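Secondary and tertiary structure notes
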Number of protein chains: 2
Amino acid sequence: MTLPQRVRVVGTGLLGTSLALALQARGVDVTLADTSPTAAALASDMGAGRVAHAQDEAPDLVVVAAPPDVVVDVVAAELTAWPDATVTDVTSVKNVVVEGVARRCGAERCRFVPGHPMAGRERSGAVAARSDLFEGRTWVICPDGADDARVADVTAVAQVCGAHVVTMSPAAHDEAVAAVSHVPQVAASLVAAQLRELPDDAVALSGQGVRDVTRIAASDPMLWTQILAGNAAAVLPLLEGVRASLDDVIHALSVITSGGDASGGTRGLADVAVVGSTSVAVTPPATPVTQDAVGIRDAIATPGPRAVLAQTIAGGQEGRARIPGKHGAPAQAYASVAVVIPDEPGALGRVFTDVGETGISVEDMRLEHDDAVAAGLLELSVVPLRAQTLVSALSARGWAAHLVETA
Amino acid sequence: MTLPQRVRVVGTGLLGTSLALALQARGVDVTLADTSPTAAALASDMGAGRVAHAQDEAPDLVVVAAPPDVVVDVVAAELTAWPDATVTDVTSVKNVVVEGVARRCGAERCRFVPGHPMAGRERSGAVAARSDLFEGRTWVICPDGADDARVADVTAVAQVCGAHVVTMSPAAHDEAVAAVSHVPQVAASLVAAQLRELPDDAVALSGQGVRDVTRIAASDPMLWTQILAGNAAAVLPLLEGVRASLDDVIHALSVITSGGDASGGTRGLADVAVVGSTSVAVTPPATPVTQDAVGIRDAIATPGPRAVLAQTIAGGQEGRARIPGKHGAPAQAYASVAVVIPDEPGALGRVFTDVGETGISVEDMRLEHDDAVAAGLLELSVVPLRAQTLVSALSARGWAAHLVETA
């Protein structure tokens, strides 16, 4: 599998410029095009390649890294402009792109290889680009009607950038990212939005939990509007499922606040409908459904409000448990060592040195800290066999280190 | 402010045992009580103190660390059993506890100091306890009708455990944690729950985003059922606000999937109601509201579906921006240095050593990695002035290190 020698990057934002930087660094001849001449020049100044000109040699590969809402137009234009080139894209949604290109380009689509390097960040633009953006990331390729040789070109580019190539159908890709990326984005944004009206002393109580839940809420509205709109068909049913479960929780809480009347008056039918959205079986009534029957049916079919809350949290546990740990290993595969980090200059640097000297391989880490105070807590994940050794070594060096036993 | 000499801990779970470990380590005479003799014995074996006996001396302070649904009963019993002792609790909700104790104990409530050390984890039980659990955490105290001397006792205990004491009213506390803790928990659980039915190859695309959003979804259903039920009055209106915004997103996506018909048939009224929940002004119609009028009104008052999506993400950005960074500093106060970490034994250890040798103070860090592949990306936050120095030093030592410019 050989790397294309001449690559044309159309769209010098975060992904386009990062890819150009990576290819340029590996000796590929990269040309840069952007609707904004300034953006292309900036990317070129950063060392991402030459600004494209009319007299450029025909590229072997064109990478379209334009905003989602113009990708189909740009891909079609590039397929026409370069009749021998392979064309790929980096859009986070694939069905709309694949269908659009098929509709616009007919047989030429065999030169188009839809792709999605899963390497975003909260920051955007060429200034946030870096040549190692794709190192260790997954790069999805949807070889939908593309020639094998064209797929090989794009695969070579992804791999030389250090990415792990996964092949999926456009539909499977869109359903997957709807669940693991787009729904989490909407949830993070909605949770963060309700912090807007909060008093300062309330926001000051924010801990690592809300910090983690809302981290991706810092993402770009324009880009995400296009992503969500572009994947509306896959995101919609998932969000409707989330809303149904949210309604269960809201109903359970309203029952609790109202003192436990589960089937009161006009809410009767709604209750049954809402509860129906949980995994609780609703026994059909033997009698025609009157308000009374609904009351009875409700009493039979409705789990207590606290049961609904418990089911909600337990359901989240099950889903969370499905997310594999590093290298697909179960998240529980490592033991956790907690180290208290005083807020002194170089404290983390010193613990870095001490951990390094133990020669123990740290698999993962998390630094938790409280806004209001100094000390932080560093959690280091290591293989269970070495955990106690690490604790002893750090304690001997004066650190408050503890083996965190898993319940 | 003097530390109580004899402390009785009732409930030897994660918080009770951790507090007992911290106090015992500081020379306090700690006795341990739990409805489960095994749990109390386990905590004692862990070095948290003596198992309580009938002939124990009267404690100066009783810490009730029982499950939320029995806290009021236990606090009332302890106030009666120890007529001179200060009694405090560690429950995540405060209104229900304060009102319950006031109702049950009348004047004796002056000896009760409601508290909430904000130091939870996804793991529970004495086995997960550690003496430094409260280091650097916020400990909320609600001195609701309690004597100043009693408040001083609890404050001393919180501070000796390394916690930062914040004083709030029970109502302000409950509204704050509803927004920064309880709503995020529900959202994380709902997002994680929708991963349950996902194909394995789809779950395998999970990146750092969904990992962060769902981390706290691993929490204990029984505990959270009690927390949510105990704070239902504060959580309910916030979740209803989230649902209204979620409805806006769902409606916008359904308009997009249905080809842009914003005011079709029976959805007319619902549309106006839904859109009314955004910050978009709804112009009252000059004519009586008929379905036609609704259609027109809809067309006037409804922002385009993409505008709703953009508003949703932008609203999240605003809310996220309110969460202060470390020590209350804005999150943008530090420069970020990215280092590629190959998956080799001791790789993180080596980078720890090299960073340590630079003597540069690392303020925060994040390790991102992909399940499917080897390399990870370590992001180090340092003061901007030192960032380039760190990059150069690490590069000189053979690391792929990059200064991450903020857009």
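By convention here, each chain's residues receive numbers from 1 onward along its written sequence. Throughout, the order in which chains and ligands are written sets their labels, letters from A for the former and numbers from 1 for the latter. Only residues with pLDDT of at least 70 get local features here, since the model is predicted, and only at 80 or more are side-chain atom pairs given and counted; chain-wide, interface and lining totals rely on the full set of residues. The basis for the side-chain values is all heavy atoms of the structure; hydrogens and waters are excluded.

Turning our attention to the overall build of chain A. Secondary structure is summarised from DSSP: a helix means a run of H or I of at least four residues, a strand means a run of E of at least two, and numbering begins at the N terminus for each. Counting its secondary structure elements, chain A contains 15 helices and 13 strands. When accessible area is computed with a 1.4 Å probe and restricted to protein chains, residues below 20% of their type maximum are described as buried, those above 50% as exposed, and intermediate ones as partly exposed. Buried positions account for 56% of the 407 residues belonging to chain A. Between two residues, a contact is recorded if the distance between any of their heavy atoms is within 4.5 Å. At a minimum sequence separation of 6, the contacts of chain A that also span at least 24 residues come to 70%.

Moving on, we come to the interface of chain A and chain B. Many authors give the size of an interface as the accessible area that is lost as the parts come together. Chain A puts 136 residues into the contact, and the matching count from chain B is 135 residues. Buried area counts how much accessible surface, traced with a 1.4 Å probe, disappears from two parts once they are put together, with both parts' losses summed. Carbon and sulfur atoms make up 67% of the surface buried where chain A meets chain B, a total of about 12,100 Å² over both sides. By salt bridge we mean one thing: a side-chain nitrogen of Lys or Arg within 4 Å of a carboxyl oxygen of Asp or Glu. Applying the counting criterion to the chain A and chain B interface returns eight salt bridges. When the shortest N-O distance is used, the salt bridge between Asp247(A) and Arg243(B) registers 2.4 Å. In the analysis that follows, any N or O atom pair within 3.5 Å is treated as a polar contact, provided that within protein one partner can donate a hydrogen and the other can accept it, and provided that, for residues neighboring in sequence, both atoms belong to side chains. If you look at where chain A meets chain B, you find 28 residue pairs in polar contact (both at pLDDT 80 or more). Counting residues per element, the side of chain A that touches chain B draws most heavily on helix α10 (residues 232–257) of chain A, which supplies 18 residues. Of the residues assigned to the side of chain A that touches chain B, the class counts are 69 nonpolar, 34 polar and 33 charged. Here the term charged refers only to Asp, Glu, Lys and Arg, the term nonpolar to Ala, Val, Leu, Ile, Met, Phe, Trp, Tyr, Cys and Pro, and the term polar to all other amino acids, Gly among them.

This brings us to the pairing of strand β10 (residues 335–341) of chain A. Judged by how many residues are buried, β10(A) sits mostly within the fold: seven of seven residues are covered. Burial along β10(A) is two-sided: the face carrying Ala335(A), Val337(A), Val339(A) and Ile341(A) and the face carrying Ser336(A), Ala338(A) and Val340(A) are both buried.

This brings us to the domain arrangement of chain A. An automatic or database domain assignment supplies the residue ranges for each domain. On domain assignment, one finds that chain A holds domain 1 (6–168), domain 2 (175–257) and domain 3 (333–404). Just the C-alpha atoms count here: the centres of domain 2 of chain A and domain 3 of chain A sit 32 Å apart.

This part takes up the sheet that holds strand β2 (residues 29–33) of chain A. Residues and elements named next belong to chain A. Ordered in space as β3-β2-β1-β4-β5-β6, the six strands form an open sheet in which the pairing is parallel. Strand pairing shows two members of the sheet lacking a second neighbour, β3 (50–51) and β6 (112–113), which therefore form its edges. Criterion used throughout: strands pair if DSSP finds at least two bridges between them. Alignment of β2 against β3, held across two bridges, turns out to be parallel. Bridge pairing in β3 places leucine 32 opposite valine 51. Here the axes come from fitting lines to C-alpha atoms, over the contacting stretch only for helices, and the angles between their N-to-C directions go from 0 to 180 degrees. Seen against the sheet, helix α1 (residues 14–25) touches β1 (6–10), β2 and β4 (61–64) and runs at an angle of roughly 160 degrees to β2. The sheet contacts of helix α5 (residues 148–160) involve β4, β5 (86–89) and β6, and relative to β5 the element is tilted by about 55 degrees.

Another point: the nonpolar core. Nonpolar cores were defined as sets of buried Ala, Val, Leu, Ile, Met, Phe, Trp, Tyr and Cys residues, with membership established by side-chain atoms within 4.5 Å. By size, the foremost hydrophobic cluster in this structure holds 62 residues, and its most contacted members are Leu239(A), Leu253(A), Leu239(B) and Leu253(B). Elements that contribute at least two residues to this core include exactly α6 (170–193), α9 (221–230), α10 and α13 (305–322) of chain A together with α6 (170–193), α9 (221–230), α10 (232–257) and α13 (305–322) of chain B. Filtering out sequence-adjacent residues up to four positions away, Leu239(B) remains in contact with Leu246(A), Val249(A), Ile250(A), Leu253(A), Val183(B) and Val186(B). Core analysis: the second largest hydrophobic core is formed by 44 residues, Leu348(A), Val355(A), Val339(B) and Ala387(B) among them.

The angle between axes fitted to the seven-residue stretch ending at a residue and the seven-residue stretch beginning at it gives the bend at that residue. Ala178(A) marks the point of greatest bend in α6(A), at about 50 degrees. Burial analysis of α6(A) places 20 of its 24 residues in the buried class, the great majority of the element.

The next thing to look at is the relation of the copies chain A and chain B. The atoms used to superpose the copies are C-alpha atoms, taken from residues with pLDDT of at least 70 in both, and the fit is least squares. If you rotate chain A by 180 degrees and push it 0.0 Å along the axis, it lands on chain B with an RMSD of 0.1 Å. Here the transformation between the copies is reduced to the relation of a two-fold axis. The share of interface residues of chain A whose copies in chain B are also at the interface is 99%, consistent with both copies meeting through the same surface.

Turning to the side chain of Gln226(A), a few remarks are in order. Residue and element names in this part refer to chain A. Turning to its location among the elements, glutamine 226 is positioned in helix α9. Polar contacts involving the side chain of glutamine 226 include one to the main-chain amide nitrogen of aspartate 69, which spans 2.9 Å. If we ignore the near neighbours within four places in the chain, the residues touching glutamine 226 are Pro67, Pro68 and Asp69.

We now examine the packing of α13(A) against α9(B). α9(B) packs onto α13(A) with a crossing angle of 130 degrees between their chain directions and a minimal axis gap of 8 Å. With respect to α9(B), the element α13(A) is oriented oblique. Classified by chirality, the crossing of α9(B) by α13(A) is right-handed. Contacts between α13(A) and α9(B) pair Arg306(A), Leu309(A), Ala310(A), Ile313(A), Ala314(A) and Gln317(A) from the former with Pro221(B), Trp224(B), Thr225(B), Leu228(B) and Ala229(B) from the latter. Grouping the amino acids of the contact of α13(A) with α9(B) by side-chain chemistry returns eight nonpolar, two polar and one charged. Working definition: roughly parallel below 35 degrees, roughly antiparallel above 145 degrees, roughly perpendicular at 65 to 115 degrees, and oblique for all remaining angles. Handedness of each helix crossing follows the sense of rotation of the near helix against the far helix: counterclockwise by less than a right angle gives left-handed, clockwise gives right-handed.

Okay, the confidence of the model for chain A next. It should be kept in mind that the predicted coordinates are not to be read in detail where pLDDT is low. All names here are of chain A. Confidence scores here are pLDDT values: one per residue, from the predictor, ranging 0 to 100. Summary statistics for chain A give a mean pLDDT of 83 and a share of 82% for residues scoring 70 or more. Taken together, the stretch residues 261–300 has pLDDT below 50 and engages in 49 contacts with residues farther than four places along the chain or on a different chain. The low-confidence segment residues 326–332 (pLDDT under 50) makes 14 contacts with residues lying over four places distant or belonging to another chain.

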